[in-house]
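Summary of structural features
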Amino acid sequence: MHVLVDPSSFDCRNMGDVAMLQVAIARLHALWPHAVIEVLTSDPAALARYAPLAAPVPHEGRVLWFTERYLLGGLHDHMPSAMSRRLVHWKRALRRRRPALVSRAVRWKLRARGAPSDAPAAFLAAIDRADVLVVSGAATFADEARKHALLVLNTLELAADRGKPAVLFGQGIGPVTRDDVRARAAAVLPAARMIALREAREGGALLSEFGVAADRVAFTGDDAVELAYEARPPALGTCVGVNLRVAEHSGLDAAFGEALREVLQRFARARGVSLVPLPIAFHRFAHDPTAIRALLAGLDDASDGGSALTEPRAVIREAGRCRIVVTGAYHAAVFALAQGVPAICLARSPYYVSKFRGLAEQFGDNCAVIRLDQGAPVAEIAAAMDCLWDTAAARRDAILAVAAAQRAAGRAAYARLPELLARPAVVS
């Protein structure tokens, strides 16, 4: 048995993505103990650290194979847009109908540039070896992740063209308003054997619009819940977990961070409690420890902002020390809620509003979503902290029950894989 896994990120620098990947690999090995599991990655060393049972497949090869403008490069910039679009469409069709020809052309151009030329072939070989393509937990099909979404959709189409079944787990879908993504999703996603969603409110409606049959959709919550639920401590902690996602896609910035710093530190001093860093992202687009250090400045100047917490279980352990969590990062909330800890989620961009509302759909008012683009958010944050802190103990059992149900639903979805792979393919 060969399984090819398409993860949410390829450099293992997001602890939520790594947690979902670890759960996916563990569940796949439970199904097929002797399976060869390969994972698309841009950092084989990092993959070996976090998923030692997996073998690397070069993500670069996929990028080169699917880059629409690669063969003619910068010439597209000098063409009328209509001509460029026609050439892109022509190359996509040629890639599907004459893959060997395109493969030789890409290899020739790479060699002409003095670049390694075997990555695309390695990617295609991995597709051909695979008995199933598994897209592990992600929030890829969204406007904020357009390029990634199109890359995954192209990969799903390639797998279908080569007779390989595909399943998707732990998916957060939406908002999707871009016509190109919607068109590709409607063309590709109905062929999936199953799509397991984090939430039904937005994701379920979008899949229906894309033509995915209802019997191929499951609702399981986030796969990372499993790691955190299994690590839950016997009782609530006594700290406040904090995260601030400063990034273009979040819409949060240093100016808001200063206002949040005042709220958090005022609460910490009044209650006599510590603020605990819960970093998730460690990459150049969003480096959570930097933002967290700014939140702690003047209260805990010795903190590294969580820079040393580069293992999902390390972040989960810190979340388990908390009584409440205040976060702008989705998986900091997941790690908390899965251990019975209420979360206050801070959202400004439509992308994060959607992600956090999906989480609140599962956990109810134990997951308070505060929109920073309306109302009086600073006052709302302070009030929510007081409310959830005072009622956290009474909420814990109900939160844990939801987490346990999500873990069971996720395991049940994976357990269906052997039966799903025996189904006939959907012909588009």
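Scroll up to find the structure.
For the structure given in this document, a descriptive report is provided here.

1. What to know about the pairing of strand 14 (residues 367-371)
Looking at chain direction, strand 13 (residues 343-347) and strand 14 are connected through five bridges and run parallel. Paired with Ile344 across the strands is Ala368, a residue of strand 14. In this region the chain leaves strand 13, passes through helix 15 (residues 350-363) and returns to the parallel neighbour strand 14; the handedness of that crossover is right-handed.

2. Quick word on the state of the cysteines
As used in these notes, a disulfide is a covalent bond between sulfur atoms, one from each of two cysteines. Throughout the structure, instances matching the rule amount to zero disulfides. As a non-bridged cysteine, Cys239 has Cys322 as the owner of its nearest cysteine sulfur, 5.7 Å distant.

3. Looking at the sheet that holds strand 1 (residues 2-6)
Reading across the sheet, the seven strands line up as 3-2-1-4-5-6-7 and stay open at both edges, with parallel pairing between neighbours. The open sheet has two edge strands, strand 3 (54-58) and strand 7 (217-219), and neither has a second partner. Ignoring strand direction, the axes of neighbouring strands in this sheet form an average angle of 20°. In this sheet, strand 3 lies alongside strand 2 (residues 36-41) in parallel orientation, the contact comprising five bridges. Paired with Thr41 across the bridge in strand 3 is Pro58. Sheet strands in contact with helix 6 (residues 119-129) are strand 1, strand 2 and strand 3, and its direction is about 130° off that of strand 3.

4. With respect to unusual backbone geometry
Cis geometry is adopted by the peptide bond preceding Pro175, which originates at Gly174 and carries an omega value of -5°. Its place among the elements puts Pro175 in the loop between strand 5 (166-171) and helix 8 (179-188). Here the phi dihedral of Cys12 falls at roughly 60°; this positive angle occurs in a residue that is not glycine. You can see Cys12 is positioned in the loop between strand 1 and helix 1 (15-31). The class of Cys12 is buried, set by a relative accessible area of 7%.

5. Comments concerning helix 11 (residues 254-271)
Helix length check: helix 11 (18 residues) gives 25 Å between terminal C-alpha atoms against 26 Å at 1.5 Å per residue, within 8%. Among all positions in helix 11, only Phe256, Gly257, Leu260, Arg261, Val263, Leu264, Gln265, Phe267 and Ala268 are buried. In this structure Asp253 caps helix 11, since a side-chain oxygen of it lies 3.3 Å from the backbone nitrogen of Ala255. Downstream of helix 11 by a residue or two, Gly272 has a phi angle that is positive, lying close to 65°.

6. Focus: the environment of Arg245
Along the chain, the position of Arg245 falls in the loop between strand 8 (239-242) and helix 11. Residue Arg245 is classed as buried on the basis of its relative accessible area, which comes to 5%. Each C-alpha atom of the pair Arg245 and Ala329 lies 5.5 Å from the other, and the pair is 84 residues apart in sequence. Not counting chain neighbours up to four residues away, the residues in contact with Arg245 comprise Ser250, Leu252, Ile280, Ala281, Ala286, Asp288, Gly328, Ala329 and Tyr352.

7. Describing the sheet that holds strand 9 (residues 275-277)
Spatial ordering of the open sheet is given by 9-8-12-13-14, a layout of five strands whose pairing is parallel. Of all strands in the sheet, those with a lone pairing partner are strand 9 and strand 14, marking the two edges. The mean inter-strand angle of the sheet, taken between neighbouring strand axes irrespective of direction, is 25°. Bridging between strand 8 and strand 9 involves three bridges; their strand directions are parallel. By the bridge assignment for strand 9, Gly241 is matched with Val276.

Calculation notes
- Residues numbered from 1 in each chain as written.
- Predicted model: local features only at pLDDT ≥ 70, side-chain atom pairs only at ≥ 80, totals over all residues.
- Heavy atoms only, no water.
- Pairing = 2+ DSSP bridges.
- Helix = DSSP H or I, 4+ residues; strand = E, 2+ residues; numbered from the N terminus.
- Right-handed = clockwise from strand over helix to strand, strands pointing away.
- Disulfide = S-S within 2.5 Å.
- Axes fitted to C-alpha atoms, helices over the stretch in contact; angles between N-to-C directions.
- Contact = heavy atoms within 4.5 Å.
- Buried < 20%, exposed > 50% of the residue type's maximum accessible area, 1.4 Å probe, protein only.
- Expected span 1.5 Å × (residues − 1).
- Polar contact = N/O pair within 3.5 Å; in protein donor to acceptor, adjacent residues only side chain to side chain.

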